[in-house]
Structures are given as structure tokens and as C-alpha cells.
Amino acid sequence: MRTWMSQVIEAIRPCRVLRSLLLILLIASPLYAAVPTVSCTPDLKPQDVRFRMREVLRSHATYKKLDTQLIARALENFVELLDPQKTYLLEGEVRPYLRPSPDLLLRTLKGYERDDYSTYRALFAQMSQAITRRRTLEEELAALPLPNGVDAAEFEKLTFAATPADLKERLMRFRALQLEIAHNFSEEPADALLERVRRRRMRHEDRLVGATNGEKGGSDREKMLFAHVLKATVSSLDGQSAYFTPEEASDFVDQLQRRLFGIGVQMRESVNGCVITQIVEGGPSALQGGINENDIIIAVDGEPVIGYDILDIRGRIRGPMGSTVDLTLLRDVNGEEKCINARVIRGEVVLKETRIAASSEPCSGGSIGIIALHSFYQDENHSSALDLRSAIESLQAGTPLKGLILDLRENTGGLLPQAIAVTGLFITKGIVASVKDEAGKIHHLRHTDSNIAYQGPLVVLVSRMSASASEIVAGTLQDYGSALIVGDPTTYGKGTY
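Keep in mind it's a predicted model, so treat the numbers as computed, not measured.

What counts as what
Residues numbered from 1 in each chain as written. Predicted model: local features only at pLDDT ≥ 70, side-chain atom pairs only at ≥ 80, totals over all residues. Heavy atoms only, no water. Core = buried A, V, L, I, M, F, W, Y, C linked by side-chain atoms within 4.5 Å. Buried < 20%, exposed > 50% of the residue type's maximum accessible area, 1.4 Å probe, protein only. Helix = DSSP H or I, 4+ residues; strand = E, 2+ residues; numbered from the N terminus. Contact = heavy atoms within 4.5 Å. Expected span 1.5 Å × (residues − 1). Phe/Tyr/Trp six-rings, centres within 6.5 Å; stacked < 30°, edge-to-face > 60°. Lys NZ or Arg CZ within 6 Å of the ring centre and 35° of its normal. Pairing = 2+ DSSP bridges. Axes fitted to C-alpha atoms, helices over the stretch in contact; angles between N-to-C directions. Parallel < 35°, antiparallel > 145°, perpendicular 65-115°, else oblique. Left-handed = near helix turned anticlockwise from the far one by under 90°. Nonpolar A, V, L, I, M, F, W, Y, C, P; charged D, E, K, R; others polar.

Novice: So, the nonpolar core: which residues are in play, and what are the values?
Specialist: Ranked by internal contacts, the top residues of the largest apolar core, which has 42 residues, are Leu 66, Phe 78, Tyr 120, Phe 124, Met 127 and Val 229. Sorting the residues of this core by element identifies α2 (46–59), α3 (68–82), α4 (91–98), α5 (102–113), α6 (118–141), α8 (190–209) and α9 (220–235) as the ones contributing at least two each. Those residues in contact with Phe 124 that lie beyond four places of it in its chain are Phe 78, Leu 82, Leu 208, Val 209, Arg 221, Met 224, Leu 225 and His 228. Residues Ile 420, Val 422, Ala 433 and Tyr 454 belong to the second largest nonpolar core, which totals 35 residues.

Shown next, in the form of C-alpha cells:
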């Protein structure tokens, strides 16, 4: 697990490759070991925060201990985590934390060593009161006419509302914008949309500051508090360090590998359940049958899921390969809703269309190959380098390949070893990237296989959303003179060179 983790961490955080030296901050968190577990609330205790922060700081390239400057950033991050859209808290309520006094910073800093997070508890309590206020305001808004012509631009770079009246006006305009967007892009009735939004908001609020007791002792509210403290503090170190809960880590791995173990369907949330919008080709549901598009999932393994968040439903459906899951579905049969039971054996679902895609365009006396690589992935049967080599060989098997376009636009990265391997398809031997660890030692990552897949004219496309491993590939191919880089002048990376 540690080896796998080191590969993941090295490549996922955005970093710019401008020349041959790449410094990557290696941040390890023990909770990554719990990736297969989907949990809404991680099982954290006060001492866990202190223990995990020590591990993070021990591995960090710059910071080895917390100071008041980092605490100031952490408090700002904590406020942002609680109310990112600025639709709950008021300016006066957050001012002490966004502009903290030296005394508050020092007390909060010392609290980390005593497992005392009273500053964050006070903010959590303030958020709880803000949620109660928000619910009252939402009830009042339900009876009021909504304004017309609300511009989405007014919700960019918001500051916190000064008074409850200002907050009420903001909520009214926000609701009007939601309805306008719904009318333009969805056939869902306004009442159904607002109800779905309301239920999602209520679930989020209950999860954030709810007081239900966890199975292992301690309230969910306490555990969520500690998770937010870790998130806020780790992200205060730099723009690339982050703390994942098990649920987030599981989602991250799915996105990274473009694979999961489940039933092979795509879903969207609705008021009365979860609607199956697509059955993935080659997945368990497609192969086994019994499930149709537009079926509504109302129960999983006999437990009703109406009103659940889609992440919760997805977590219940996923599970170990070869295990079974029982679904209760609502299906429209000749205009009549019928309840259908379906049992599916879970299997591997590989979202191939989100991994790699190849095509070609005719060119005088041959063709130009176009390969879009969406991620840098690796599993037991596939990897980005192997699939890319196979795609190149298929293109070369047709008409003469006059040139190749490697499309890395929107590619946000993946496994570092795969960045090395993909680069090696186009160069012989050499250093691809260098990693500087927390002790200041530089490790050179080399490609040692001279068996290249293609050495003709090569263009690499990048965009401002290209990041991490994609930047390593683009930057190295440019440095070796193997490719012409075309696209946005600035990619997503934030690393140091």
C-alpha cells in the first residue's frame, strides 16, 4: 500500500514542468489506506488530528511544524469549507477568524498539542446557528416572488453578507438563477427541481453539523469537525497538499483509474430516488440483464434510499468483485409504475471511453493520427503506456502515418510511473523528471527502454486544465526536442522548478 500510495501522491497534485527539474511535495496520509471503504464520516478522534498532522509535517518538503501563519491560513480554509458559497454565515460572524488576533492564533496553535480544537468548535457552533437561520429564511422565500434577469456573474468573488436581510436577498437571487438554468437545460418541473435542491441541501446540512451518534463512539458532528480541521490545516501548507476522507479517496481512485467494482450504470439524483441514465457497455448490468435505463432505484439490499445523497447510494451499490447486490426498482411499464427486483453480481467496470480515444484524418499519401489520453492509469490488465502503444501500432498498421497528435487537454494527471512510461514511447533513454524529497535529496526518474513506439512528427496539445503527469510528459518531450507543444500558454500546474 505504501508503494502504491507513493506513486499516487507523486503525480496527482498539479505541478508545472518548465524544465528538467521537477520538485514534487510528497504528503502521506494514513487514511489513504482505507480507500476501499466508503464512509460519509471518517472515524476520527481528537488525538488522530495531532497524529496525522505530525505525519504530514514529517513528510513535507518545507514546513516541519505549525506556526501562527499556518494557523491563520487554516482558519480561513476552515471558513471556506463550511460556507464556500457564502450563503450561511454573516460577515460579522466570520471576521474574528478571517482576521484573527495574535492571541487567538496562539491559543489555536497551542491547542493542537493538547487536542484542544475549541476555536474550530466555536466556528462549527456558529455554522449550526447559521443553518437554523438559513432554514427559516428558506421558508420565508418559498412564499415570495423571485426576481428576473439574475446574472450568474454576480455570484463570482462574493463576500459574506453583512446582515440577515442581505443574506435573504442573496438566497432569493440564487434560487431565481437555479430556476432559470433549469428552464434552459432541463425539462424537470420547477417544483420538482426546488424540492430536489432543498433535500440535497438538508442532507448536506445534517451531515455537516448533525448530532447523530456514530457506531464506534463519538458523534458524527465531532468526527466531521476533526475531518474539517485536518482538511483546513493540511491545505494551509501549500496549494498541492490535501487531506482526503475515505469517501473522497475512494472517489479519487475511481477517477484516477477510470475503473471500479460495481454494477456498471450511470445515475443521476431525482426527487423520488436515483434514476439510471446509462448502462455501461460490457459492465455487469449490461451482461447480466434485469436493469433498464430510466429505472429508478428506490432500495438497495432491502434498505430504502429515497432521500439519500447520490454518493451514499453509489457507495451502497459498489462492493467487492463477485459479491451480489439486490436492487428494488421502479419501472414504467406501458404507463404504469411497477416495482421490480433485480439481483446483480458486482464486477469490474472500466470506463474505457474516459481513458483513451484514437482516430485519424487523411493527409496526402497517408494520415495524421490523433490520440486523446484522458488519464495516466494502471491496473492489472491495462495502463496508459500500453494502451497508447497499442493505439499507435493500430494507426501505423493502416495508411502511412505522416504525423501524430497527442491530445493532453483536460488531462489532470495520474500515476507518475505512467508519465515516465508514456514519455518513453517517444524518446530513447534519459531523465524524465526529478523529485526532491523532504530531506532535500533529489531522485532522478529515468526512462531506460530504447524501444520507442513512434519517432515521427509529434504535436502535443495542452490546455489550462492540463496538469501534473500530463505536464511532465509535455515538458519533457519539449525539452528533448521530440514534440511541438500547442495550446494554452499556461497549464494548471503550480509546482516549483
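Novice: Would you mind going over α9 in detail, with residue names and values included?
Specialist: Every α-helix winds through 3.6 residues per turn, so residues three or four apart in the chain are directed the same way. Its 16 residues place the ends of α9 22 Å apart at the C-alpha level, agreeing with the 22 Å of an ideal helix rising 1.5 Å per residue. With 13 of 16 residues buried, α9 lies mostly within the body of the structure.

Novice: Can you tell me about the packing of aromatic side chains, naming the residues and giving the values?
Specialist: Under the defined criterion, the tally for this structure stands at 6 aromatic pairs. When the centroid spacing of 6.3 Å and the interplanar angle of 90° are considered together, the rings of Tyr 112 and Tyr 120 count as edge-to-face. Tyr 120 shares its class with Tyr 112; the two are buried. Seen in terms of ring centroids, Tyr 117 and Phe 226 are 6.1 Å apart; in terms of plane orientation they differ by 65°. Their pairing is edge-to-face. Of the two residues, Tyr 117 sits in the loop between α5 and α6 while Phe 226 sits in helix α9, which places them 109 residues apart along the sequence. The two residues Tyr 117 and Phe 226 agree in class, both being buried. A connected cluster of aromatic rings, assembled from ring pairs, spans Phe 78, Tyr 112, Tyr 117, Tyr 120, Phe 124 and Phe 226. A cation over a ring is seen here: Lys 86 above Phe 160, with NZ or CZ 5.1 Å from the ring centre. The lysine or arginine in question, Arg 134, covers the ring of Tyr 88, its NZ or CZ lying 4.6 Å from the ring centre.

Novice: Tell me about the sheet that holds strand β10 (residues 366–373), residues and numbers included.
Specialist: Across the sheet, which stays open at both edges, the 5 strands sit in the order β9-β10-β11-β14-β15 with mixed pairing between neighbours. The open sheet is flanked by β9 (356–363) and β15 (484–487), the only strands paired with a single partner. Each strand of the sheet is rotated relative to its neighbour by a mean of 20°, with strand direction disregarded. Here strand β14 (residues 458–462) pairs with β15 via 4 bridges, running parallel. Each residue of the ladder has a partner; that of Val 460, found in β15, is Ile 485. Each of β9, β10 and β11 (401–407) touches helix α13 (residues 384–396); the most contacted strand, β10, lies at about 165° to it.

Novice: Let's hear about the pairing of strand β4 (residues 296–300): which residues, and what values?
Specialist: In terms of burial, β4 is largely enclosed, as 5 of its 5 residues are buried. Of the pairings in the sheet, the one linking β4 to strand β6 (residues 324–333) comprises 4 bridges and is antiparallel in character. Within β6, the position partnered with Val 300 by the bridge is Leu 327. Counting the residues between successive antiparallel strands, the hairpin from β4 to strand β5 (residues 303–304) contains 2 residues, one of them, Asp 301, with a positive phi of roughly 50°.

Novice: Could you give me a rundown of the packing of α3 against α9, with the residues and numbers involved?
Specialist: Close contact between α3 and α9 brings their axes to 8 Å; oriented N to C, the two are set at 130°. Classified by the angle their axes make, α3 and α9 are oblique. Considering the relative orientation of α3 and α9, their crossing is right-handed. Contact with α3, carried on its side by Ala 74, Asn 77, Phe 78, Leu 81 and Leu 82, involves Leu 225, His 228, Val 229, Lys 231, Ala 232, Thr 233 and Ser 235 of α9 and no other residues of that element. When the residues that make up the contact of α3 with α9 are grouped by side-chain class, the tally is 7 nonpolar, 4 polar and 1 charged.

Novice: How would you explain the packing of α3 against α4 if you had to name every residue and give the values?
Specialist: Where α3 contacts α4, the two axes come as close as 9 Å, and the packing angle between them is 150°. If you check the angle between α3 and α4, you find them roughly antiparallel. Residues Leu 75, Glu 76 and Val 79 of α3 form the contact with α4, whose own contacting residues are Val 94, Tyr 97 and Leu 98. Along the lines of polarity and charge, the residues of the contact of α3 with α4 split into 5 nonpolar, no polar and 1 charged.

Novice: Could you give me a rundown of the environment of Gly 264, with the residues and numbers involved?
Specialist: Mapping Gly 264 onto the fold places it in the loop between β1 (259–262) and β2 (265–270). The class for Gly 264 is buried, based on a relative accessible area of 5%. In sequence terms Gly 264 and Arg 346 are 82 residues apart; their C-alpha atoms lie 8.4 Å from each other. If we ignore the near neighbours within four places in the chain, the residues touching Gly 264 are Gln 278, Ile 279, Val 280, Pro 284, Ser 285 and Val 349.

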